[in-house]
Amino acid sequence: MIVEIGHFALILAFAVAVFQACVPVWGALRHDGVLVRLAPRAALLQFALVALAFASLTQAYLTSDFSVANVFQNSHTLKPFIYKWSGVWGNHEGSMLLWVLILALFGAAVALFSRRLPDDMLGVTLAVQSMIAAAFMAFLIFTSNPFLRLANPPFEGRDLNPVLQDPGLAVHPPLLYLGYVGFSIVFSFAAAALILGRVDAAFARMVRPWTLVAWIALTLGIAMGSYWAYYELGWGGFWFWDPVENASLMPWLTGTALLHSAIVMEKREALKIWTILLAVITFSLSLLGTFLVRSGVLTSVHAFAVDPERGLFILFILIVFIGGSFTLFALRANAMRAGSLFSPVSREGALVFNNLFLSVAALAVFVGTLYPLLLEALTGAKISVGAPFFDLTAVPLMIPLFLAIPVGQKLAWKRGDLAGAMSRLWWVLALAVVGAAVVSFAVSGGPVMALAGIGLGFFLIFGAFDDLLDRASRGGWGRFMPRLLAIPRANVAMVLAHAGAGLMVLGISATAFEKEKIISVKAGETFQLAHHSLTLNGLTTQTGPNYNALVARFTLRDGAGAPIAELNPAKRVYVGRQMPTSEVARYREGFSEVYLAIGETSGGERVDLRAYYKPYVLLIWLGPVLMAFGGLLSLSDRRLRVGAPRRARVAVQGSPAE
Amino acid sequence: MRTILAALALLICLGPAFAVKPEEQLADPALEARARAISGGIRCLVCQNQSIDDSDASLARDLRLLVRERLKAGDSDQAVQDFLVARYGEFVLLKPTLSARNLVLWGLPLAALLAGGFAAFRLFGRRRAEESETPAAAPLSAEEQAELERLLHQDPPKPAGS
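Procedures and definitions
- Residues numbered from 1 in each chain as written.
- Chains lettered and ligands numbered in written order.
- Predicted model: local features only at pLDDT ≥ 70, side-chain atom pairs only at ≥ 80, totals over all residues.
- Pairing = 2+ DSSP bridges.
- Helix = DSSP H or I, 4+ residues; strand = E, 2+ residues; numbered from the N terminus.
- Axes fitted to C-alpha atoms, helices over the stretch in contact; angles between N-to-C directions.
- Core = buried A, V, L, I, M, F, W, Y, C linked by C-beta atoms within 7 Å.
- Buried ≥ 20, exposed ≤ 12 C-beta atoms within 10 Å, placed from the backbone.
- Contact = placed C-beta atoms within 7 Å.
- pLDDT = per-residue confidence, 0-100.
- Expected span 1.5 Å × (residues − 1).

Examining the sheet that holds strand S10 (residues 606–614) of chain A
All names here are of chain A.
No. 1: The strand order across the open sheet formed by four strands is S1-S10-S9-S8, and the pairing between neighbours is antiparallel. Looking at which strands have only one partner, the edges of the open sheet turn out to be strand S1 (515–522) and strand S8 (585–589). If you compare each strand with its neighbour and ignore which way they point, the axes differ by 20° on average.
No. 2: Of the pairings in the sheet, the one linking S8 to strand S9 (residues 592–602) comprises five bridges and is antiparallel in character. Each bridged residue has a counterpart across the sheet, and for Tyr587 the counterpart in S9 is Val594.

Now the structure itself:
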């Protein structure tokens, strides 16, 4: 019964979405305020209905209701509670329902928190958002319905893919979707601004918090996914340039560019056309990602051709929204006036540089991801585009971008002073070189590129914090503390985000210094790993709630031979699907880790082992976390949330002039 | 993330990757390092976008052993790669060749960087020209002045939608 209520709620939500997509636009065209003002209410109702549908599917999972086909295929009674719950979105239908839930969530959030917007702007924005929602609800109802019942309910379910039975599943997809789908609202704002002809600084200010929310979630979602892969897959890689990963990286790159270009638009009324275009492109890339992941086109072009129903549906949605928005853009772009003037050496110029490199990097990822599909579809020729391609295209593009960050931070708006900016940066650069030299000495040499990367990381971090130092010490050291505390949050946020990028660069560069051992170990044997030693004590079996495991028990000792930890990497076989997984064991030492994964065992006392010492590996994910924290801090800056940033800025800038 | 996302997305079951096994490794560390480097660029043909160095599939294992055999026989890195391409086609390379067919793939990012850089350069150039050529706007004519007055005292217009 509850499942039927959910099913019905979803269909009702679809009807509300169609209403919300049409009526406010009609109202705006006819200047009928009553119709326009229906939009926020419809958005709230739509969200309530989708939430009800989602809750009822969740209930079916929690109670293991195997009369629901979706639950039968993806759940099992023995599964721990957290995986019954997160299993809701661990499958195609459920994850699409989550997609729609987040679409509706952003619509409802705008309806609640953007009451300051002009009625017609709010109405049309929510209408566009609802067009997207209606399209995906139709997709759910007609091709991927999670509420279908089975005539003869089985006693036991087929279980969730064991790789997904990890706390990561509870966090990663919701965060990733919050980011990916969050850009929909930015898209809706852009479309509304184009339709109503209101592309101005106020638009940039309006979308800034929403862009930030989506960007923060996407940053955390991608970092979380990378970290999950690191500990789940057993060889400690963190990024594979897989098409599915690329699908989330592309909107992140353009979304980051958007975040920066919107600042120029807000403060200087420049780059308006480009900013709108980025808003449209970013969500288009989210849609493209959804198509790539959901249509099966990645497995092979042929798999898509065999069962094209879902793929074609999303492709159709893709074409309508991307085509529609680009047409709208082309019609309106001429009406947008060029903004204010600025010299190439200026904050605006630096942000243009940022946008150029981020966008081209996104394009490199785009081409690398789609070219093999296109080539196969057109000529039948099969090629592979993997990590080596991206390491030669997208990665080098990041180097000039990162080098430019500390410089750009120091340039003034409109016309900057490069010599002045550089005069302080020589110190930062010198410190970074010293830092890299110290590392080089500590590890007694190493790949030149890795050391250069470490220097770059330090340059970013020192450069970021020098910005705070510079601002706080400008009027003499006597008033250092009060000035430091008076620095606007948005500036501190920028410093933290850029320092986060530096931390990530450090972590990635440090992977060049990792130590790897692939050996076969016998019980009682001891071997060296970096400055540690490891002893295999023996192998034991263990029974979990829904799996059986073979556990290898290791003792980790420091250089002096004193034991510091017991490490128990394991191999699990899940009861439901009889599928083996590898559970790694890790020991954290500062930001570095000892990482063990086992493979085949023989004779009950010999085991194949992959052992790693990964120096500063945790910085790879701490960096993005710091970036996201910077985003949150920026979001909390009142000047950017309320509508009057000008006055506040004057007040803040007034103090250094005393 | 590949396996997780692939599993999430396509519900394909891939086992845990153990890949290179202890007994596969060559005694000579230099040769083994070369084998690992080559393997990292060779696609496991039955997997999704995994290199044979990362993959647990038995075909990947066969290819890893093959790479090591060729290296032991004294082949250069390029010779090993050519051997695999001759056997399995270009599909086996994770880094596509710089051939005419792949011109768009390799050329587009570079072309976009150049075009984007040129566009930005033009943007600054145009602005500098505008700045120097039009020092001040021409004064308003009496007619325009009257229109401005009228507009300033009018009620704000209703939202234009069409």
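Resuming the write-up.
Structural notes on the nonpolar core
All names here are of chain A.
No. 1: Judged by nonpolar contacts, the single largest core of 242 residues is most densely connected at Val100, Phe136 and Val186.
No. 2: Residue contributions to this core peak at 20 residues, all from helix H9 (residues 201–232).
No. 3: If we skip the residues at most four places from it in the chain, Val100 touches Val50, Ala133, Phe136, Met137 and Leu140.
No. 4: If you look at the next biggest cluster of nonpolar residues, it comprises five residues, including Tyr83, Leu160, Leu164 and Leu169.

A few points about the confidence of the model for chain B
No. 1: Predicted confidence across chain B gives a mean pLDDT of 77, with 74% of residues reaching 70 or more.
No. 2: The ipTM, which scores confidence in the relative placement of chains, is 0.83 for this predicted complex, and the corresponding pTM is 0.89.

Digging into the confidence of the model for chain A
No. 1: Taken residue by residue, chain A gives an average pLDDT of 89. The fraction at 70 or more is 95%.
No. 2: Long-range and interchain partners of residues 643–658 of chain A, a stretch whose pLDDT sits below 50, account for eleven contacts in this model, where long-range means more than four residues apart.

Overview of helix H10 (residues 243–268) of chain A
Three or four residues apart is the spacing at which side chains of an α-helix point the same way, because the helix has 3.6 residues per turn.
No. 1: The end-to-end C-alpha distance of H10(A), which contains 26 residues, comes to 37 Å, matching closely the 38 Å that a straight helix rising 1.5 Å per residue would cover.
No. 2: Along H10(A), 26 of the 26 residues are buried, which leaves the element largely enclosed by surrounding structure.

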